[in-house]
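The primary structure of each chain is shown beneath.
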2 protein chains.
Amino acid sequence: MSSPETASRRALNRDRVLRAAVALADDVGIEALSMRTLAERLGVVPMALYKHVANKEQLLDGMVEVIVAEIEPPAAGADWKDAVRQRILAARRSLLRHRWASQVIESRTHASPVVLDHMESLIATFRAGGFSIDLTHHVMHALGTRMWGFTQEVFPTPAPPADPDARAAMFEQFAARYPRIIEMATAGAHEEESTVGGGCDDQFEFEFALDLLLDGFERLHEQGWTSFRAG
Amino acid sequence: MSSPETASRRALNRDRVLRAAVALADDVGIEALSMRTLAERLGVVPMALYKHVANKEQLLDGMVEVIVAEIEPPAAGADWKDAVRQRILAARRSLLRHRWASQVIESRTHASPVVLDHMESLIATFRAGGFSIDLTHHVMHALGTRMWGFTQEVFPTPAPPADPDARAAMFEQFAARYPRIIEMATAGAHEEESTVGGGCDDQFEFEFALDLLLDGFERLHEQGWTSFRAG
DNA sequence: ACCTGAACACCGTTCAAGT
DNA sequence: ACCTGAACACCGTTCAAGT
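With an unreviewed UniProt entry as reference, chain A is termed TetR/AcrR family transcriptional regulator C-terminal domain-containing protein, source organism Blastococcus deserti.

Shown next as C-alpha cells:
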C-alpha cells in the first residue's frame with residue numbers, strides 16, 4: 001500500500017477517457033454525461049480530462065469515432081446493392097448498441113477519419129458498381145443519416161393519463177379528431193393497443209425504406225439517369 | 001407616465017411567450033435561447049415565464065406548434081402523390097424560415113395537436129388515394145422526419161486551416177486517403193472547390209430523395225403490396 | 001508532463017414572499 | 001392572479017498552482 005492509486009486511476013489517456021465516456025453514456029444516458037460525472041467515474045478531478053480532450057465537443061467527436069470503428073466491414077465479392085445494404089445494416093447494429101449515438105452523430109459539425117472512411121467506402125461501392133459520379137452524389141444525399149443505419153422516427157405519442165376512465169375518454173376524443181392515425185396505429189398493433197403507434201418493428205421499417213431507396217437507385221442507374229436531363 | 005410599463009411588459013401570456021421565443025431563436029440561435037435570455041427580452045424576471053409554460057420542454061413544444069401552424073395546406077383536387085408532395089414541400093418552406101426548427105422537432109417526445117393534424121392529413125391523403133392501411137403505415141415510417149420537409153444531411157467537413165500552404169497540404173493528404181469523396185465533391189462544385197461537399201443544392205437533393213420514395217410508394221401501391229407477402 | 005482547487009459565468013427550477 | 005428575489009444544485013471552462 002505504498003500508493004493509494006487504483007487501476008482506474010492509473011494511465012489516464014485519450015482512449016481510456018473515450019471508452020469510459022461511451023460506457024457512462026450507455027449506463028446513464030447521454031443527457032447525464034457531463035465532464036464532471038465522467039471525471040468522477042474515472043476517479044479524477046474534472047479538469048484532468050482537459051489534458052486529453054480539448055473540450056466537450058471533442059469528447060463527443062471521439063465517442064463517435066469509437067462507435068463507428070466497431071462497424072463490421074461487408075463480406076467481399078458482393079454486388080454494389082448487397083454491399084451497400086450490408087454495410088448500412090452493420091452500421092445499424094453498431095449504433096443500436098448505443099442508443100444515444102444517433103443523436104450525437106447528428107449533432108457533429110466535423111467529420112473524424114473513421115466517419116470519412118465509412119463514407120469513402122460507400123461511395124467506392126457505388127462507383128465500382130458502375131454508378132456515375134453524378135448519380136453517386138445524389139444517392140449519397142438521399143441516404144443521408146440512413147448511411148449510419150438510423151433515421152429519426154416521428155411518431156410521438158401524447159402522454160396517457162394514469163386513471164383508466166380518463167384514459168378511455170382521452171382515447172375517444174383522440175379517435176374523433178385523428179381517426180386515420182388511430183386506424184393505422186391499431187391495425188398493426190397486436191399486443192399493445194393502448195399506446196398509439198406502439199408495437200412497430202423498427203428493423204422492418206428501416207429495411208423497408210432502405211430497400212425502396214436501393215431499388216430506386218438501381219432503376220435510375222439502369223436508365224443512365226443524370227441530373228442534367230432531369231433537373 | 002403614471003406607470004413604468006411599456007407595451008412589451010403588458011399582457012404576458014402563453015402566445016406572446018411562444019412568439020417571443022421563436023423570434024429570439026431566429027435571432028440568436030437555439031443554443032442561446034434560455035429561460036433567462038427569453039425573460040430578459042420580454043422585460044420580465046425568469047420566473048414570470050413559469051406561469052405560462054410549465055418548463056423549458058413545454059416551451060420548445062409550443063415553439064414547434066407555432067411553426068407547424070404556419071404550414072400552408074395543399075391545394076384541393078390534387079391526386080395523392082401531388083398532395084403529399086405539396087404538403088411536405090410546404091412544411092419544408094415553413095421549417096426553412098427557422099433554421100433551428102428541425103433539431104427541436106427531432107427532440108420532441110410528445111406530439112402537440114398541430115403536429116398530429118399534419119400526420120392525420122398525410123395519412124388521410126394516402127388512404128383517399130386507395131392505399132391500404134398496411135402500406136400507409138410503412139410509407140409513413142419511410143417518410144420519417146421527411147414529412148416535415150427536412151432530413152439531416154451528413155456531409156460534415158474538416159475545418160480547413162487558415163494558412164494557404166497548410167490548406168493545400170491538407171487537401172493533398174485528404175485526396176490521397178479519400179479519393180472518392182474528393183472526386184464526388186469537386187465534380188458538383190462549380191464555384192467553391194475549396195470546401196469539400198460545398199455547393200450542394202439542398203432543395204434539389206431533398207426533392208430527389210422525396211420523389212424516389214414517392215415513385216416507390218406508387219409502384220408498391222399499384223402492385224397491391226402487403227407486408228404479409230413480403231415480410 | 002500531468003493533475004488539482006478555486007473560481008467564473010452560466011443553466012433550469014424550487015420556494016416563499018410580495019402586489 | 002400574476003410577478004419577484006433569493007437560493008439550490010447543477011453546467012463547461014479559465015487560471016494559477018501544485019507534484
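Still more ground to cover, so stick around.
S.K.: Could you clarify how one ought to interpret the overall build of chain A in this entry?
M.R.: Assigned secondary structure in chain A consists of 11 helices and 0 strands. Starting at the N terminus, the α and β elements of chain A follow one another as α-α-α-α-α-α-α-α-α-α-α. The 231 residues of chain A split such that 42% are buried. About 11,600 Å² of surface is accessible on chain A, with carbon and sulfur atoms providing 52% of the total.

S.K.: Would you take a moment to explain the environment of Leu 116 of chain B for this structure?
M.R.: Here Leu 116 of chain B lies in helix H6 (residues 113-128). For Leu 116 of chain B, a relative accessible area of 5% gives the class buried. Look past the residues within four positions of Leu 116 of chain B in its chain and what remains in contact with it is Phe 174, Tyr 178 and Ile 181 of chain A together with Ala 111 of chain B.

S.K.: Help me out: how do you make sense of the protein's contact with DNA strand D in this one?
M.R.: Around DNA strand D lies a shell of 17 residues, among which Arg 36, Met 47, Tyr 50 and Lys 56 of chain A together with His 52 of chain B are the nearest. Interatomic distance of 3.4 Å between a side-chain N/O atom of Ser 34 of chain A and a phosphate oxygen of DNA strand D. At 2.3 Å from a base nitrogen of DNA strand D is found a side-chain nitrogen or oxygen belonging to Arg 36 of chain A. Considering each element in turn, the surface near DNA strand D owes the most residues, 3 residues, to helix H2 (residues 35-41) of chain A. Of the residues contributing to the surface near DNA strand D, the split by class is 8 nonpolar, 4 polar and 5 charged.

S.K.: What is the right way to look at the interface of chain B and chain A in this model?
M.R.: Many analyses report the size of an interface as the accessible area lost when the parts associate. The partner chain A presents 57 residues to the 57 residues of chain B that form the contact. Between chain B and chain A, a total of about 5,500 Å² is buried, with carbon and sulfur atoms accounting for 69% of that surface. For chain B, the biggest contributors to the area lost against chain A are Glu 120, His 141 and Met 184 of chain B; these three give 12% of the whole. Applying the counting criterion to the chain B and chain A interface returns 4 salt bridges. The salt bridge involving Glu 183 of chain A is made with Arg 127 of chain B; its shortest N-O contact spans 2.9 Å. Between chain B and chain A we count 14 residue pairs in polar contact (both at pLDDT 80 or more) in total. Broken down by secondary-structure element, the contributors of at least two residues to the side of chain B that touches chain A are H6, helix H7 (133-143), helix H8 (164-177), helix H9 (179-188) and helix H10 (202-222) of chain B. A per-class count over the side of chain B that touches chain A returns 33 nonpolar, 13 polar and 11 charged.

S.K.: Help me understand the UniProt feature "domain: HTH tetR-type" (unreviewed entry) in chain A in this model?
M.R.: Following the UniProt record, the feature "domain: HTH tetR-type" (unreviewed entry) maps to residues 11-71 of chain A here. When the span residues 11-71 of chain A is considered, its composition is 57% helix and 0% strand, and the gap between its end C-alpha atoms is 27 Å.

S.K.: Even after reading the chapter, I still don't get the pattern of salt bridges, so can you show me in this structure?
M.R.: In a structure, side chains of opposite charge can pair up when their charged atoms sit close to one another. According to the stated counting rule, one finds 28 salt bridges over all chains in the structure shown. Among the ionic pairs, Arg 85 of chain A bridges to Glu 207 of chain A, the shortest N-O distance being 3.1 Å. Of this pair, Arg 85 of chain A sits in helix H4 (residues 80-96) while Glu 207 of chain A sits in helix H10 (residues 202-222), and the two are 122 residues apart along the sequence. On the basis of relative accessible area, Arg 85 of chain A is assigned to the partly exposed category, the value being 23%. On the basis of relative accessibility, which here comes to 24%, the residue Glu 207 of chain A falls in the partly exposed class. With its nearest N and O atoms 3.3 Å apart, the salt bridge here joins Arg 93 of chain B to Glu 72 of chain B. With Arg 93 of chain B in helix H4 (residues 80-96) and Glu 72 of chain B in the loop between helix H3 (56-68) and H4, this pair connects stretches of sequence that are 21 residues apart. Classification of Arg 93 of chain B by relative accessible area gives partly exposed; the value is 41%. Since its relative accessible area comes to 37%, Glu 72 of chain B is described here as partly exposed. If you follow the salt bridges from partner to partner, you end up with Glu 57, Asp 61 and Arg 108 of chain A in one network.

S.K.: Whenever I open this one, the relation of the copies chain B and chain A confuses me. Can you help?
M.R.: Mapping chain B onto chain A calls for a rotation angle of 180° and an axial translation of 0.0 Å; the resulting RMSD is 0.0 Å. Interpreted geometrically, this transformation is the action of a two-fold axis. In this assembly, 100% of the residues forming the interface of chain B have copies in chain A that are likewise at the interface, indicating an isologous arrangement.

Quick notes on the rules
- Residues numbered from 1 in each chain as written.
- Chains lettered and ligands numbered in written order.
- Predicted model: local features only at pLDDT ≥ 70, side-chain atom pairs only at ≥ 80, totals over all residues.
- Heavy atoms only, no water.
- Helix = DSSP H or I, 4+ residues; strand = E, 2+ residues; numbered from the N terminus.
- Buried < 20%, exposed > 50% of the residue type's maximum accessible area, 1.4 Å probe, protein only.
- Areas by Shrake-Rupley, 256 points an atom, 1.4 Å probe, with all protein chains shown as cover.
- Contact = heavy atoms within 4.5 Å.
- Near = heavy atom within 4 Å.
- Polar contact = N/O pair within 3.5 Å; in protein donor to acceptor, adjacent residues only side chain to side chain.
- Nonpolar A, V, L, I, M, F, W, Y, C, P; charged D, E, K, R; others polar.
- Buried area = accessible area lost by both parts, 1.4 Å probe.
- Salt bridge = Lys/Arg side-chain N within 4 Å of Asp/Glu carboxyl O.
- UniProt positions renumbered as here; feature names shortened; annotations may be inferred.
- Least-squares fit on C-alpha atoms with pLDDT ≥ 70 in both.

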